[in-house]
Amino acid sequence: MTITAVPASIACDVPMTEWWNVATVSPLDQTGTTTVTTNQLTGTVSTGAATSTANELVITSSAFANQAGMVVNQGAGWASLLNDPINGIASAYRVDLPAGVASETISSTVATTLSLVMAAFKPAGGIAYGAVFDPGFYSFPGSALAGGVAFHLIGGMPRAPGV
């Protein structure tokens, strides 16, 4: 895997999570990216096209330049996987969206640059609900310098969708 931070002054967050009930053949449905290179209070990332079904697992990852006193708010209805303004990284997910273009808007109390990505994964066939979080938390932090990359495998107790 190769990761390039754009702009290079933003550190990257690459969350790796484990999930149950995601399609095992061609699971990736849609992706989206947004880069905000001038200081802003909000940033929105959306899938490039409509998701093919409802209740897909949609994961976002956000990297931003840390600013003194910054508080980062993830989108309404999104469950937080990670929100670490000091290290300039956040990640969230949803499993309850209708089929269509998925979007998340994050906001900050202090204007910052942003790099946002989103991926939507199809649910496994023949189940009545979407993806479920798998247990575990593993963190492989990257460099504390600008352009560093951090890897996180995030989990917790298995829980029902939307919890």
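Residues numbered from 1 in each chain as written. Predicted model: local features only at pLDDT ≥ 70, side-chain atom pairs only at ≥ 80, totals over all residues. Heavy atoms only, no water.

1. Here's the deal with the overall build of the protein
A count of helical and extended segments in the protein gives zero helices and 11 strands. Counted from the first residue to the last, the protein has its helices and strands arranged as β-β-β-β-β-β-β-β-β-β-β. Taking the intrachain contacts of the protein between residues at least 6 apart in sequence as the baseline, contacts between residues at least 24 apart amount to 75%. In the structure as shown, the protein presents an accessible area of about 8,000 Å², 58% of it carried by carbon and sulfur atoms. (Helix = DSSP H or I, 4+ residues; strand = E, 2+ residues; numbered from the N terminus. Contact = heavy atoms within 4.5 Å. Areas by Shrake-Rupley, 256 points an atom, 1.4 Å probe, with all protein chains shown as cover.)

2. Considering the nonpolar core
Ranked by size, the top nonpolar core spans 16 residues in total, and within it Val58, Phe64, Trp78, Leu114 and Met118 carry the most contacts. Counting residues per element, the ones that place at least two in this core are strand E3 (28-46), strand E4 (57-64), strand E7 (89-94) and strand E8 (103-121). Top contributing element to this core by residue count: E8, with five residues. Counting residues in hydrophobic clusters, the runner-up holds eight residues, among them Trp19, Leu57, Leu81 and Val95. (Core = buried A, V, L, I, M, F, W, Y, C linked by side-chain atoms within 4.5 Å. Buried < 20%, exposed > 50% of the residue type's maximum accessible area, 1.4 Å probe, protein only.)

3. Notes on the environment of Gln40
Mapped onto the elements of the fold, Gln40 is located in strand E3. Judged by its relative accessible area of 34%, Gln40 is partly exposed. For the pair Gln40 and Leu114, spaced 74 residues apart in the sequence, the C-alpha separation amounts to 8.1 Å. Excluding its chain neighbours within four sequence positions, the residues that come into contact with Gln40 are Val110, Ala111 and Thr112.

4. Side note on the environment of Thr113
Here Thr113 shows up in strand E8. According to the relative accessible area criterion, Thr113 is buried, its value standing at 11%. Separated by 106 residues in the primary sequence, Thr113 and Pro7 have C-alpha atoms spaced 8.7 Å apart.

5. Some remarks on the environment of Val36
Its location among the elements puts Val36 in strand E3. A relative accessible area of 13% places Val36 in the buried class. For Val36 and Ser115, which are 79 residues apart along the polypeptide, the C-alpha to C-alpha distance reads 6.3 Å. The contact partners of Val36, leaving out residues within four places of it in the chain, are Thr113 and Leu114.

6. Quick notes on the pattern of salt bridges
Oppositely charged side chains can pair when the atoms bearing their charge come close. Taken as a whole and assessed by the stated rule, the structure comprises one salt bridge. With a closest N to O distance of 2.8 Å, Asp96 and Arg94 form a salt bridge. (Salt bridge = Lys/Arg side-chain N within 4 Å of Asp/Glu carboxyl O.)

7. So, the confidence of the model for the protein
Low-confidence regions, as indicated by low pLDDT, have predicted coordinates that should not be scrutinised in detail. Averaged over every residue, the pLDDT of the protein is 79; residues scoring 70 or more account for 70%. Per-element mean pLDDT across the protein ranges from 45 in strand E11 (residues 149-154) up to 95 in E3. Considering only residues more than four positions removed or in separate chains, one finds that residues 137-163, a stretch of pLDDT under 50, has 74 contacts. (pLDDT = per-residue confidence, 0-100.)

8. Comments concerning the pairing of E8
Of the strand pairs in this sheet, E3 and E8 are connected by 14 bridges, and their pairing is antiparallel. Considered in E8, the bridge of Val45 is made with Glu104. As defined by bridge partners, E4 adjoins E8 across eight bridges and the pair is classed as antiparallel. Paired with Ser62 across the two strands is Leu116, which belongs to E8. (Pairing = 2+ DSSP bridges.)

9. Thoughts on the packing of aromatic side chains
One pass over the full model with this rule turns up zero aromatic pairs. Over the aromatic face of Trp78 sits the side chain of Arg94, whose NZ or CZ is 5.8 Å from the ring centroid. (Phe/Tyr/Trp six-rings, centres within 6.5 Å; stacked < 30°, edge-to-face > 60°. Lys NZ or Arg CZ within 6 Å of the ring centre and 35° of its normal.)

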